[in-house]
2 protein chains.
Amino acid sequence: MKLQFAPFSSALEAGFWHQLTQKKLNDYRLDESPKSIKGYYYNGDPAGLPTRLTLEFSAFETDGPTPARCCPAMGTLYNTNTLEAFKSTDKKALLDKQAKEIWEAIQSGACLQNPSTLNKFILLTFADLKKYHFYYWFCFPALCFTEGIQIVEEPLLSLGLSAQISALQVAYDNLCIVSKTTAVPYFLTKYSEECVEVAPLHDWKTFFASQKTVTVGVYDPCTLPQHPGWPLRNLLILIANKWGAQLNTVEVLCFRDRTLQGVRSLQHSIIFRVKLPDLSSSTDCPKCVGWEKNQKGAMGPRSVNLSECMDPKRLAESSVDLNLKLMRWRLVPSLDLERVVSTKCLLLGAGTLGCNVARTLMGWGVRHITFVDNAKISYSNPVRQPLYEFEDCLTGGKSKALAAVERMRKIFPGVNAEGFNMSIPMPGHPVNFSEVTLGQARKDVEQLEALISSHDVVFLLMDTRESRWLPTVIAASQRKLIVNAALGFDTFVVMRHGLKRARGESGDSSASSSSCTSASSSSSTPAGPSVPGASLFSNIPGHRLGCYFCNDVVAPGDSTRDRTLDQQCTVSRPGLAMIAGALAVELMVSILQHPEGGYAVASSSDDRMNEPPTSLGLVPHQIRGFLSRFDNVLPASLAFDKCTACSPIVLDNYERDGFRFLSKVFNSSHSFLEDLTGLTLLHQETQAAEVTTAPHTYDEITER
Amino acid sequence: MKLQFAPFSSALEAGFWHQLTQKKLNDYRLDESPKSIKGYYYNGDPAGLPTRLTLEFSAFETDGPTPARCCPAMGTLYNTNTLEAFKSTDKKALLDKQAKEIWEAIQSGACLQNPSTLNKFILLTFADLKKYHFYYWFCFPALCFTEGIQIVEEPLLSLGLSAQISALQVAYDNLCIVSKTTAVPYFLTKYSEECVEVAPLHDWKTFFASQKTVTVGVYDPCTLPQHPGWPLRNLLILIANKWGAQLNTVEVLCFRDRTLQGVRSLQHSIIFRVKLPDLSSSTDCPKCVGWEKNQKGAMGPRSVNLSECMDPKRLAESSVDLNLKLMRWRLVPSLDLERVVSTKCLLLGAGTLGCNVARTLMGWGVRHITFVDNAKISYSNPVRQPLYEFEDCLTGGKSKALAAVERMRKIFPGVNAEGFNMSIPMPGHPVNFSEVTLGQARKDVEQLEALISSHDVVFLLMDTRESRWLPTVIAASQRKLIVNAALGFDTFVVMRHGLKRARGESGDSSASSSSCTSASSSSSTPAGPSVPGASLFSNIPGHRLGCYFCNDVVAPGDSTRDRTLDQQCTVSRPGLAMIAGALAVELMVSILQHPEGGYAVASSSDDRMNEPPTSLGLVPHQIRGFLSRFDNVLPASLAFDKCTACSPIVLDNYERDGFRFLSKVFNSSHSFLEDLTGLTLLHQETQAAEVTTAPHTYDEITER
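Just so you know, these numbers come straight off a predicted model, no measurement behind them.

A. The relation of the copies chain A and chain B, seen in detail. Aligned on chain B, chain A shows an RMSD of 0.3 Å; the corresponding rotation is 179° and the shift along the axis is 0.1 Å. Here the transformation between the copies is reduced to the relation of a two-fold axis. Among all residues of chain A, the minimum C-alpha distance to the rotation axis is found for Ile579(A), at 2.3 Å. Both copies present the same face, since 99% of the interface residues in chain A are matched by interface residues at the equivalent positions in chain B.

B. Inspection of the sheet that holds strand β23 (residues 622-626) of chain A at higher detail. All names here are of chain A. Strand order in the open sheet made by the eight strands is β19-β18-β17-β20-β21-β22-β23-β24, with mixed pairing throughout. Across the chains shown, the open sheet's two edge strands, defined by having one partner strand only, are β19 (416-421) and β24 (631-633). When the angles between neighbouring strand axes are averaged without regard to direction, this sheet yields 15°. Here four bridges tie strand β17 (residues 345-348) to strand β18 (residues 368-373), and the two strands are oriented parallel to one another. Each bridged residue has a counterpart across the sheet, and for Leu346 the counterpart in β18 is Thr370. Each of β17, β20 (457-460) and β21 (481-487) touches helix α13 (residues 469-478); the most contacted strand, β20, lies at about 160° to it.

C. Representation of the interface of chain A and chain B within the structure. Each partner contributes residues to the interface: chain A has 77 residues there, and chain B has 76 residues. Put simply, the parts of the chain that give the side of chain A that touches chain B at least two residues each are α2 (83-88), α8 (312-329), α10 (352-363), α11 (400-411), α15 (565-568), α16 (574-593) and β24 of chain A. A per-element tally of the side of chain A that touches chain B places α8(A) first, with ten residues. Among the residues making up the side of chain A that touches chain B, the classes are represented as 42 nonpolar, 16 polar and 19 charged.

D. A look at helix α10 (residues 352-363) of chain B. All names here are of chain B. Taking 1.5 Å of rise per residue, twelve residues should cover 16 Å, and α10 covers 17 Å from first to last C-alpha, within 8% of that figure. Counting buried positions along α10 gives twelve out of twelve residues, so the element sits mostly inside the fold. Residues of α10 that are buried include every one of Thr352, Leu353, Gly354, Cys355, Asn356, Val357, Ala358, Arg359, Thr360, Leu361, Met362 and Gly363, and no others. One or two residues past the end of α10 sits Gly365, with phi positive at roughly 85°.

E. Seen up close, the sheet that holds strand β17 (residues 345-348) of chain B. Residues and elements named next belong to chain B. Spatial strand order, β19-β18-β17-β20-β21-β22-β23-β24: eight strands in an open sheet with mixed pairing. Because the sheet does not close on itself, it has two edges, and the strands there are β19 (416-421) and β24 (631-633). Between one strand and the next, the sheet's axes are offset by a mean angle of 15°, whatever the strand orientation. Where β17 lies against strand β20 (residues 457-460), four bridges are found, and the strand directions are parallel. The residue of β20 that forms the bridge with Leu346 is Val458. Sitting on the sheet, helix α16 (residues 574-593) touches β20, β21 (481-487), β22 (491-496) and β23 (622-626), and the angle it makes with β21 is about 165°.

F. Structural context of the nonpolar core. One finds Leu347(A), Phe459(A), Leu347(B) and Phe459(B) to be the most contacted residues of the largest nonpolar core, which totals 406 residues. For Leu347(B), the residues in contact, after removing those within four places along its chain, are Gly354(B), Val357(B), Ala358(B), Ile369(B), Thr370(B), Phe371(B), Val372(B), Phe459(B) and Leu461(B).

G. Broad picture of the packing of helix α3 (residues 91-108) of chain B against helix α7 (residues 231-243) of chain B. Residues and elements named next belong to chain B. The contact between α3 and α7 brings their axes to 9 Å, and the two run at 40°. In terms of orientation, α3 and α7 fall into the oblique class. The handedness of the crossing between α3 and α7 comes out as right-handed. The segment α3 lies against α7, with Ile102, Ile106 and Gln107 engaging Asn234, Ile237, Leu238 and Asn241. Taken together, the residues of the contact of α3 with α7 break down into four nonpolar, three polar and no charged.

H. Looking closely at the packing of α10(A) against α16(A). Residue and element names in this part refer to chain A. At a closest axis distance of 8 Å, the pairing of α10 and α16 adopts a crossing angle of 50°. Classified by the angle between their axes, α10 and α16 sit oblique to one another. The way α10 lies across α16 gives a crossing that is right-handed. Listed contacts from α16 to Thr352, Leu353, Asn356, Val357, Thr360 and Leu361 of α10 are Ala577, Met578, Ala580, Gly581, Ala582, Ala584 and Val585. Residue composition of the contact of α10 with α16, grouped by class: nine nonpolar, four polar and no charged.

I. View of the environment of Gln593(A). Residue and element names in this part refer to chain A. Looking at the secondary structure, you find Gln593 in helix α16. Here Gln593 falls in the buried class, since 22 other C-beta atoms lie within 10 Å of it. Sequence separation between Gln593 and Leu49 is 544 residues, and the spatial gap between their C-alpha atoms is 53 Å. Residue contacts for Gln593: discarding those within four places in its chain leaves Leu335, Asp336, Arg339, Thr614, Ser615 and Leu616.

J. The domain arrangement of chain A, seen in detail. Residues and elements named next belong to chain A. Partitioning chain A into domains gives domain 1 (9-146 + 291-315), domain 2 (150-286) and domain 3 (337-641). The straight-line distance from the C-alpha centre of domain 1 to that of domain 2 is 26 Å. Tallying the contact residues gives 33 residues for domain 1 and 28 residues for domain 2. Breaking the side of domain 1 that touches domain 2 down by element, the ones donating at least two residues are β2 (35-42), β4 (70-80), α3 (91-108), α4 (110-113) and β6 (133-143). Of the residues in the side of domain 1 that touches domain 2, the class split is 21 nonpolar, eight polar and four charged.

What counts, and at which threshold
- Residues numbered from 1 in each chain as written.
- Chains lettered and ligands numbered in written order.
- Predicted model: local features only at pLDDT ≥ 70, side-chain atom pairs only at ≥ 80, totals over all residues.
- Least-squares fit on C-alpha atoms with pLDDT ≥ 70 in both.
- Contact = placed C-beta atoms within 7 Å.
- Pairing = 2+ DSSP bridges.
- Helix = DSSP H or I, 4+ residues; strand = E, 2+ residues; numbered from the N terminus.
- Axes fitted to C-alpha atoms, helices over the stretch in contact; angles between N-to-C directions.
- Nonpolar A, V, L, I, M, F, W, Y, C, P; charged D, E, K, R; others polar.
- Expected span 1.5 Å × (residues − 1).
- Buried ≥ 20, exposed ≤ 12 C-beta atoms within 10 Å, placed from the backbone.
- Core = buried A, V, L, I, M, F, W, Y, C linked by C-beta atoms within 7 Å.
- Parallel < 35°, antiparallel > 145°, perpendicular 65-115°, else oblique.
- Left-handed = near helix turned anticlockwise from the far one by under 90°.
- Domains from an automatic or database assignment.

Rendered as structure tokens:
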């Protein structure tokens, strides 16, 4: 009768696939080269279980520990980039290659020193990370005897005397201790009624010197009463090659070591005798088998769909993650995603721009997004403000800031969004009607200060000029990056505000000294009066860039009092807000990828032909877009020393007097800020010199 | 005792406000000049009703009919653009102006010929069309006697004998017939026990020649038993001015003509006698009153909020409408919105691009939007595909095409959206596995042909090159405008395909003749071989522009077979699809605004400094965007005579052999189309000449 072996069943646990996903995403990416992995098998499974080779989470740490009383098996992972490559991989070639390695280790005797060389496996995989669908084919190569192996005696159901069993147990455990492991895969043994001896494989010569009966032990994962498991196969080839000439038969002990109800039992081990062919003179590698059959019992790959057993919310998070990480595989390997994803963004305005900015941020994986708006959703909003629906408009309309948060969570449950239904006090919009209104304004200012302080980037996405004043002042004082977007009918501006140097930092101006102005202290600036709007230079570092108000020679005031219907809402081409919103976020991301962040030198249109400063491209000061020409220009301009928002004197007053200063601005007309900053004087001088300048006082851009 | 008058209560019906909304939106826009409107009043109201002056839907048709048995009152509408202007309007000045006109008509005697000149009113309004909130103030000017008017006899509760009443009724009805109206506002009357006579105002002299008692009749809207309504006031001034010198007293008949339970009754009319001052020598305009009190009984405007009583869905529709129409008020008066709104758009692909295109279309008011997609929504989609939410991904994911429609309706119930969960057969993706697959492909082709036929514009928004082939062929054959958008990592192309001339139209090439190629027949093209990609010329008319495949020298095939994960989905910067989607729609709108539509000459980057061809700007062939440089270029290129999609030979084969031809393309490799179009030959020639050209075979754009 021919000896038959129970093949391994691959047991690939969910943890293995999760770890493979992470490795593929973060380490391997497009690398298809073979990777070392480690599985293990156990000889203590109860009857009925298949002969398993288990791969779990730890499989990728080949130097890591193996579970106690399990044998490690070293494997090679071939993870392909495409299903097509998975299918077309030459499986025979992989198997032959592995077989040859084993055969060489047998011939060279390396196996004797390191018997686990006999236990090698191959795992071919394709991980469809978009669908959480994994394709795999497992192979445990076994070299074969051409004619098979003849059993001389039928396998014994159990060992002989219980004294022998105890002795074997003790001897094996000792071998393990000597071998510094908890499971030795192969061993030599000899026994009499009184004693059992055990030795490692490489002791063959001395151990069996005087012995007629040769018994080899194998740590056997099989639970079948009549058959050994797969690990025995390559051992028998080894013996046939090494000692086949001397031996007639070999006795095999399939060592099975169960623990039943807390009691250890070797009773299920089996012993039998086989007749081995003599392979001592063979040099050709024997035939090899080993690819696992699939669930249908046919030769073919298996697949597993993990999406079904995952928490949908976690699945959503990892899917979003995946899409982002794919960027790093080939296109932008240097992309610092964490820098983007962890950025806390404050969106002032949850209208057309706010909704589009929020959606783009979510696309970039930004998790922390806070909305501030005091408006309610009206019927005309949903078709242009992509976080709202018709239902949100009913019975007076939901608060935009709160509804935006609701929607964000519906889109992506992993988002950390918050909404504040509040007003932003504005210059020229008095708050001193009563104690109540004044108190409310104070609260609003404090709230805004706290919000800006707890975020990294502030987006200005409102529909009036004057509402941008207070956050501009606060964020400038707190040295927070501001990204500002404003729409005209078919034009837009997206800009980063200059980021003031930290207080006390050396270098030029603009931070806290009111006597030293940024324009006049610059060595690259030609001498002469600092005329607003005329300061267009290249190579302006981030801390010397202007803000939204720097180009204006009129202080912000109440622009809403007398606006016609088409001026009340920003009448713009519907595509404009999507473009500007998207660009505002992309600008932020590009800036975050720059090592100097908001201090980076501003790129200009001229830099388009040069080497970009970051892997994502340019970091301009402003993007001014003209939809009618499908054109963008990238102007850069210096901070204006008489700016009504970011000039040193305004920041000084704000930092010294706080709300007392701010409330003066709210309650006063233009002239207060203009007097303070010196604009009034400038006006007079300008008039005296009869120079006509067209002040920019609207969100609308009309120049060029 | 002094005579007191019941003032008019303005009764402004919802229909009036709706019509005002329409007028403001479509006609008046920012025009604040006074407008003529018409109201009416009735003398048959039952007791208890206020003295109403009614303005309804018809108020703006001053030449239109007045309801039967009602008196018209001509008014002047002052509709302001802002609430501020409404508030600050000088009400006294308006009243004085109107009073002066009435006084002049009295003095000149014009009132005698046209007594309705005495019944003038003023309506001051501000319509907040965003909120459906209307502010108004009504004024019915009445000239006053400085000392008031003395009643000589108490008002009679009813007329005398019933015979007199019948006679009055007959006489008044006859006067109406003679006057060609159903209600005469003022008349003269004299009566005895036997008869009642009635005459128009201008007959005074002859009618009252021998009369001692003068009786004037006024069509009286008042229902109070002791008081006349407002219309009597200016009549008394007229009489005092014209005949005050001769008269001592005047008898007044307040003519009230109710119908009670089907029976006409004048019983509620009242008669009294008043003593009139003599104003015959007055030249100064008397003092005037007339501004209506508000609901609180104080002098002030009223307001009405119609949003609450409107159907929310209609409200949403008119709000969306409003936002669009505002563009025409000031910015683009020539914008043909109807042309945009009525365009039927077919979106092939409901992924990142499809969702963004759909949202922009909705922003433009496009109502008819159809989606085609065969994919299901996966967990990574919602953060980048703005028509889907987390819930849509559960249990395998909803069909994108159907979920997109659901969402569109939730955003705007007025949309007419439809979704088709279907595949588009592709070159190199065989369909001849079985009768079933072949039959399905035939159905899919027929479905796509029918869809393209029933739409005006086809958007190609898929994620593979080859899926764009079939719709390109069908739409080219059907002469439908195609707008195509494709993404790279940080680059995109948005383009319109050349729109072939209608069959049989004269002019050059490219429509149906396969012997005459577009490149070689053009007089503006230099002689020489037509090299793909090299045909960049200015002034290319729409019918000679290339399609997406014209720049390629390789036929489309199965590009999905061997793509790695990062190639399977379009890995792109999240803002990119929003920008490209928005631009695709804006390009469509600009083309629709061009008088030649898809046949318009392509604008190029060089045209940016020239006068734009439409009020919205340029109509380029392609917009190629580079996010890393925040730059767009506008190349234009000629149709390629060997194009695998739009060349005459491909269209001829499709039009002649239909599905038989298409299935050959689906089932064959590249070479079939390349042989057909002559590309194979071109390759050989090119290789022979040792010219290296880099074919474009990916969606990714790398050139500039």
